[in-house]
Amino acid sequence: MDLESLKEKFYRLVAPSLPNEWDVEEALSPLADNDSTCLDEIFAQIPAIWPVSHSLCFAYLSAAGPALCCLAVDELSLWVHTLLDRYETGGLRGAQLFMADVEQQFARQLRGQGGLRLTNVRPRLQPYVNGLAGRELPLLGAAEAATDSEVIFLPSEIALFTEQEENFLLYKLMASFQWASLAAGVFAAPPLLKLHRKSAHPLDCFFSEFDRPDDARRLFHLLETGRVLAFLRQELPGLMRTAAPLLPRLPLSGDEAAALNVLDRMQRGLLRGDWPADGHSPLVDRATALLRRSAGQATDNRASLEAVRELMVLLAPDEHLAATAPLIFQGTLRLQEMRNLGMKRQADKELRMMQSATVSLPVVRRPADAGAQSGNEGGQQGHDAALITEMEQAWEQLTPFMQSQALQISIDDMPQPPADPSRDHGQTRVTGQTTSATGGTAGPAMARTPHAGRKKGQEMTEPVVYDEWDYRRKGFRKKWCVVNERELPPVQNTFIEQTLKQYRGQIRRLRHQFELLQTGERFVRRQREGNDIDFDALVESVTDNVAGLPPSDRLFIRLARDHRDIAVTFLVDMSNSTSGWVGQSIKEALVLICEAMEVLNDRYAIYGFSGMRRLRCEIFPVKRLDERYSRTVRQRISAIGPREYTRMAPAIRHMTSLFAQVEARIRLLIVLSDGKPEDYDDYKGEYAIEDTRHALLEAKAKGIHPFCITIDRQAHEYMAHMYGEVNYIFIDKIKQLPARMSEIYRTLTS
Amino acid sequence: MSGRQMRIDEYRIEEEPYYLPTGDELAIAEAAYGDGSPLLLKGPTGCGKTRFMQYLAWRLQRPLVTVSCHDDLSTSDLVGRYLIRAGEAVWTDGPLTMAVRAGAICYLDEIVEARKDTTVVIHPLADDRRQLPIEKRGELLTAPPEFMLAVSYNPGYQSVLKDLKASTRQRFIALSFDYPSPDKEIEIVRREGHLEPELARSLVKLAGMTRGLKDSGLPEGASTRLLIQTGKLIGRGIPVKTACRAAISEALTDDRELLAALDEMVSSLF
């Protein structure tokens, strides 16, 4: 296929986007040589990648041709699926790394030849480590095993053994060893040590006393390894027993028996029990004795520190230990990071103390210059305020995506390392993740902190981030939509009075019907057991007995408490298309249902939703579940009006998460909508319907019954798919909505 | 009267139950008993609240009437009701009334599970009046000095909807229970589960690990009771890992990943 027709095909797939022609040409030209089946398959993936990131899509096109050398054509979609996951956790950089080595990163796993990845063992290993430590001790990927006291680092992949079970066991041993290093006090400060540098770890200060601090450090770590292994044998005997056959098979450095240094020999002793014979050399003899002793009984690192002093004297000037790699589970000592964390913690603690102290300090001001100072202060305040406003305006002008980036940077400054899976890919912090061709379409959304100065309605709570279902890749776009709860400013007008007047008769009828629903507590007569005697039944029973008839034993009255215990949320579409009669009828329907609901004890909430694009999904609470049907609520109903688009799924997910905190026997979510889910961006058609359907399935899985009332004439085409055959109703005449809605509610809950 | 006497005697605890005090709970409880104050025991499930009550009842030589509360428990279930026997209406005391009459200890287990309107009936009994009105009989019972009221609840897993009313809560002397310290717990598990000290030590260590998993989705870890049950299984010849799986892991969670992690802990320890 020639380049022109490829380009044409590409533009057709990504319409309505019009990417630069030279970008497209550059990405497509290497593909021209492929045969048409390959090309079809490669192009078939574009709709799944393009909306996620344009840069990623171009990178994919460049990499897809070479990838097909290692992959079968039908494996490509699975590769893309993994690629998108990788993009979401590791950003563009992670995705590029993934694409660069198809064989190692993907094909081997696919054929079952690959090693075991940390991401796969984490669900099992993380709670295990938390249980060991009694606190959250995140497992993060790194080149070598290590710990900085807040996090345990493990290799991202272990492919040492052919059996995955053995690889897992090694992971478990590594994690347990790192925990044990913390628990056994390997990193404790040496006693009576002069601290030369405050910023260095005390152990580093100790090592720097020697001519060759690095060798001292290696010796110390090895001696401590012996002790930690002994500690593990004592604390986790089962683990050490199962790991025993594994230890001799772990890799060791140095192979020529003659050239082995003291560390090599000790490592052989530890792993294989292959201790050097006595009389080898004073250093080795002494080291063996010390290692065995410290492994036997020591409860802290003091013996190892003493041993290091002793051994460093014996270490010949020409004997270097640098060639010996640490044991695989032993990993590296991250002393400096540990120290930094410790100092940060200390600083935070001091800061908190200072803050609490300043709060309690009374403000003392000298009376003489108070006036001048206050004047100054006012000026300064004004200046500050102006600066803040400017910053806010600048913030507003940023694309939502850039805002999310800005926030990410501030998160990087936080003292605790965030449990960021992107570290898995050898990256330290997220930077590449956010590279993208177009601002609004890529990268996980970050919840922005609310700030003042919004035009319509204040943000009421912290924004919440939700995933979005992408049917094309059969997976979630993670942290995709930002949902804000906004206040709906109450509106005072005659709408409520007019509605109440217009539907006077109907409301009375509804209330009567709803009263019948209300059961609450009632006495049930003629029961076998009960709180009190049913005297009518008793008299009957006695007379029956006297008359020679078999007397009944149902003689009691029981108080039956049939609580309806229903919580219902009405989710109202506030999209632009509800203007005019539609919106009016929806509002009237809400007033009617509220009036009727007041005679019931059912808890109910009303929320409106609208928004534009994934970063601004808005939820307008009209009445919360525990709120009374007050004047403010009525005024908020009046304030419901057409706004922007219908991105329904985030709203449903938000309702699901709100419902999760509600205890009720029946939890009902009634959606009032006038059409298909749709948003300003490419959220429309099948994608939107599938996402909404998935959100509804999630709700059902949480025990919520969704139901939709729609006035869209085309509803039958997609509603049954989204909600299920019986879970929606189409109302033909919009004017009937107020009457029908209460009726529907009554049937649904009785 | 003799019938009633016989019934209450069934609630007497003849043999000394095993209880290892973890603090000054016994002294406080005995002082409260001497004062006629009611007791509120709170703590996680299986940490020894009920056993403590049994031990206290044995020490004080009072019968122990235990009522497990549930949300269908009515006032009549506690106080009593009329029953029809041979064409006659006969009043039958509920457990609370029976305990008051006999000067026993009435222990309402998991009090928050009962409906709030039911728990109100204990209010006059739980303050200095120490009275129990029996409306249906028009009777006002005054509790003898030997009577004691004790309630328990688990603050850990109840929802906000199930909390004690302040007016109920503020009538009690409260004792907070938690899992015993490792040494004591080892001793308890060893004795009650008839285990070797080493095995008891490992079981307690395992329990300690499961109790650290709050953030990983396990709101409550393995209780002392579970450890004792595990010990008993082991004593009956079940292999240690199987016993741990049956009595601890599976009892704690249904989550597959957590189960796997618990299995890892078990296989590390034994």
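Residues numbered from 1 in each chain as written. Chains lettered and ligands numbered in written order. Predicted model: local features only at pLDDT ≥ 70, side-chain atom pairs only at ≥ 80, totals over all residues. Heavy atoms only, no water.

## Brief notes about the overall build of chain A
(1) Moving on: Broken down by element type, chain A carries 27 helices and 16 strands.
(2) Moving on: Relative to its 750 residues, chain A shows a buried fraction of 49%.
(3) Moving on: In chain A, the proportion of contacts linking residues at least 24 apart, taken out of those at least 6 apart, comes to 70%.
(4) Moving on: For chain A, the computed accessible surface area is about 35700 Å², with 53% contributed by carbon and sulfur atoms. (Helix = DSSP H or I, 4+ residues; strand = E, 2+ residues; numbered from the N terminus. Buried < 20%, exposed > 50% of the residue type's maximum accessible area, 1.4 Å probe, protein only. Contact = heavy atoms within 4.5 Å. Areas by Shrake-Rupley, 256 points an atom, 1.4 Å probe, with all protein chains shown as cover.)

## A few points about the nonpolar core
Residues and elements named next belong to chain A.
(1) Moving on: Counting 95 residues, the largest nonpolar core has L125, Y128, L154, L236, V308 and F329 as the members making the most contacts within it.
(2) Moving on: Here this core takes 10 residues from helix α9 (residues 164–183), the largest share from any one element.
(3) Moving on: With residues up to four places along the chain from it excluded, the contact list for F329 reads A145, L173, M174, F177, Q178, T225, L229, L247, L250 and L271.
(4) Moving on: The next biggest cluster of nonpolar side chains, apart from the first, holds 44 residues, and it includes Y503, M597, V633 and I709. (Core = buried A, V, L, I, M, F, W, Y, C linked by side-chain atoms within 4.5 Å.)

## Side note on the interface of chain B and chain A
(1) Moving on: Contact residues are listed per partner, giving 29 residues for chain B and 28 residues for chain A.
(2) Moving on: Together, the buried faces of chain B and chain A total about 2500 Å²; carbon and sulfur atoms form 53% of this surface.
(3) Moving on: For the chain B face of the interface with chain A, the top three residues by lost area are B:I84, B:E264 and B:S268, together amounting to 23%.
(4) Moving on: Put simply, chain B and chain A have 3 salt bridges between them.
(5) Moving on: The residue B:K205 makes a salt bridge to A:E235 at a minimum N-O spacing of 3.3 Å.
(6) Moving on: Joining chain B to chain A, the criterion identifies 10 residue pairs in polar contact (both at pLDDT 80 or more).
(7) Moving on: Per-element tally for the side of chain B that touches chain A: the top contributor is helix α13 (residues 256–269) of chain B, with 9 residues.
(8) Moving on: Partitioned by chemical class, the residues of the side of chain B that touches chain A number 13 nonpolar, 7 polar and 9 charged. (Buried area = accessible area lost by both parts, 1.4 Å probe. Salt bridge = Lys/Arg side-chain N within 4 Å of Asp/Glu carboxyl O. Polar contact = N/O pair within 3.5 Å; in protein donor to acceptor, adjacent residues only side chain to side chain. Nonpolar A, V, L, I, M, F, W, Y, C, P; charged D, E, K, R; others polar.)

## Details of the sheet that holds strand β2 (residues 64–68) of chain B
All names here are of chain B.
(1) Moving on: The parallel open sheet is built from 5 strands, whose spatial order is β2-β5-β8-β1-β9. A single partner strand is all that each edge strand has here, and the edge strands are β2 and β9 (173–176). Between one strand and the next, the sheet's axes are offset by a mean angle of 20°, whatever the strand orientation.
(2) Moving on: The sheet contact formed by β2 and strand β5 (residues 105–109) spans 5 bridges and is parallel. Each residue of the ladder has a partner; that of V67, found in β5, is L108.
(3) Moving on: Most of the contacts of helix α3 (residues 49–60) go to β5, to which it runs at about 180°, and overall it touches β1 (39–42), β2, β5, β8 (148–153) and β9.
(4) Moving on: Along the sheet, helix α5 (residues 95–102) contacts β2, β5 and β8; its crossing angle with β2, the most-contacted strand, is approximately 165°. (Pairing = 2+ DSSP bridges. Axes fitted to C-alpha atoms, helices over the stretch in contact; angles between N-to-C directions.)

## Quick look at the pairing of strand β6 (residues 131–134) of chain B
Residues and elements named next belong to chain B.
(1) Moving on: Side-chain alternation along β6 places L132 and I134 on a buried face and Q131 and P133 on a face that remains uncovered.
(2) Moving on: Here β6 pairs with strand β7 (residues 139–142) via 4 bridges, running antiparallel. Directly across from Q131, in β7, lies its bridge partner T142.
(3) Moving on: Counting the residues between successive antiparallel strands, the hairpin from β6 to β7 contains 4 residues, one of them, G138, with a positive phi of roughly 65°.

## As for empty space enclosed by the protein
Residues and elements named next belong to chain A.
(1) Moving on: Considering all chains together, one arrives at 3 cavities of 30 Å³ or more under this definition.
(2) Moving on: Reported here for the largest cavity is a volume of approximately 70 Å³.
(3) Moving on: Lining the largest cavity are 14 residues, and of these Q178, S181, F187, H221 and L333 sit closest to its centre.
(4) Moving on: Secondary structure elements with two or more residues in the lining of the largest cavity: α9 and α11 (213–235).
(5) Moving on: Here the lining of the largest cavity gets 4 residues from one element, more than from any other, and that element is α11. (1 Å grid on protein atoms, 1.4 Å probe; cavity = no way out; pocket = protein on both sides within 12 Å on 5 of 7 lines; lining within 4 Å. Points joined across faces, edges and corners; volume = space filled by probe spheres on them.)

## A few points about the sheet that holds strand β11 (residues 566–573) of chain A
Sheet strands associate in pairs through backbone hydrogen bonding, adopting either a parallel or an antiparallel arrangement.
All names here are of chain A.
(1) Moving on: Taken together, 8 strands build an open sheet; the order of strands is β6-β7-β13-β12-β11-β14-β15-β16 and the sheet is mixed. The two strands at the open ends of the sheet, each matched to only one other strand, are β6 (464–470) and β16 (728–730). Neighbouring strand axes in the sheet, compared pairwise and without regard to direction, differ in orientation by 25° on average.
(2) Moving on: Across 6 bridges, strand β12 (residues 603–611) lies against strand β13 (residues 617–623) in antiparallel orientation. Residue pairing for β13: S610 is matched across the bridge by E618.

## Describing the packing of aromatic side chains
All names here are of chain A.
(1) Moving on: Inspection of the entire model under this criterion finds 20 aromatic pairs over all chains.
(2) Moving on: Between the aromatic rings of Y645 and Y680, the centroid separation amounts to 5.9 Å while the plane-to-plane angle is 65°, which identifies the pairing as edge-to-face. One end of the pair, Y645, is in the loop between α23 (631–639) and α24 (648–659); the other, Y680, is in the loop between β14 (666–673) and α25 (685–701), with 35 residues separating them in the sequence.
(3) Moving on: On the accessibility criterion, Y645 (29% relative accessible area) is partly exposed. (Phe/Tyr/Trp six-rings, centres within 6.5 Å; stacked < 30°, edge-to-face > 60°.)

## Focus on helix α2 (residues 21–28) of chain A
All names here are of chain A.
(1) Moving on: Of all the residues in α2, the buried ones are V24, A27 and L28. Along the axis of α2, the buried residues cluster in a sector spanning 90°; they form a single face. Away from its buried face, by an angle of more than 90 degrees, α2 presents the exposed residues W22 and E26.
(2) Moving on: Elements in contact with the buried residues of α2: α1 (3–14), α3 (36–44) and α5 (54–70). (Arc of directions from axis to C-beta.)

## Focus: unusual backbone geometry
(1) Moving on: For the bond from A:A15 to A:P16, the omega torsion is 5°, close enough to zero to count as cis.
(2) Moving on: Looking at the secondary structure, you find A:P16 in the loop between α1 and α2.
(3) Moving on: We note that B:Q61 has phi near 55°; this positive angle belongs to a residue other than glycine.
(4) Moving on: Examined against the element boundaries, B:Q61 turns out to sit in the loop between α3 and β2.

## Considering helix α19 (residues 495–502) of chain A
Think of an α-helix as turning once every 3.6 residues; residues three or four places apart then point the same way.
Residues and elements named next belong to chain A.
(1) Moving on: Turning to α19, its buried residues number three or more, namely F495, I496 and T499. The buried side chains of α19 occupy one side of the element, clustering within an arc of 95° when seen end-on. Exposed positions of α19 whose direction lies more than 90 degrees from the buried face are Q498 and K501.

## Observations concerning the pattern of salt bridges
(1) Moving on: Summed over all chains, the structure comprises 49 salt bridges over all chains.
(2) Moving on: Across the pair A:D470 and A:R472 runs a salt bridge, and its minimum N-O distance is 3.3 Å.
(3) Moving on: Judged by its relative accessible area of 30%, A:R472 is partly exposed.
(4) Moving on: Here B:E139 and B:R137 are joined by a salt bridge, their closest N and O atoms 2.8 Å apart.
(5) Moving on: Several salt bridges converge on common partners, so that one network encompasses A:E4, A:K7, A:E21 and A:E25.

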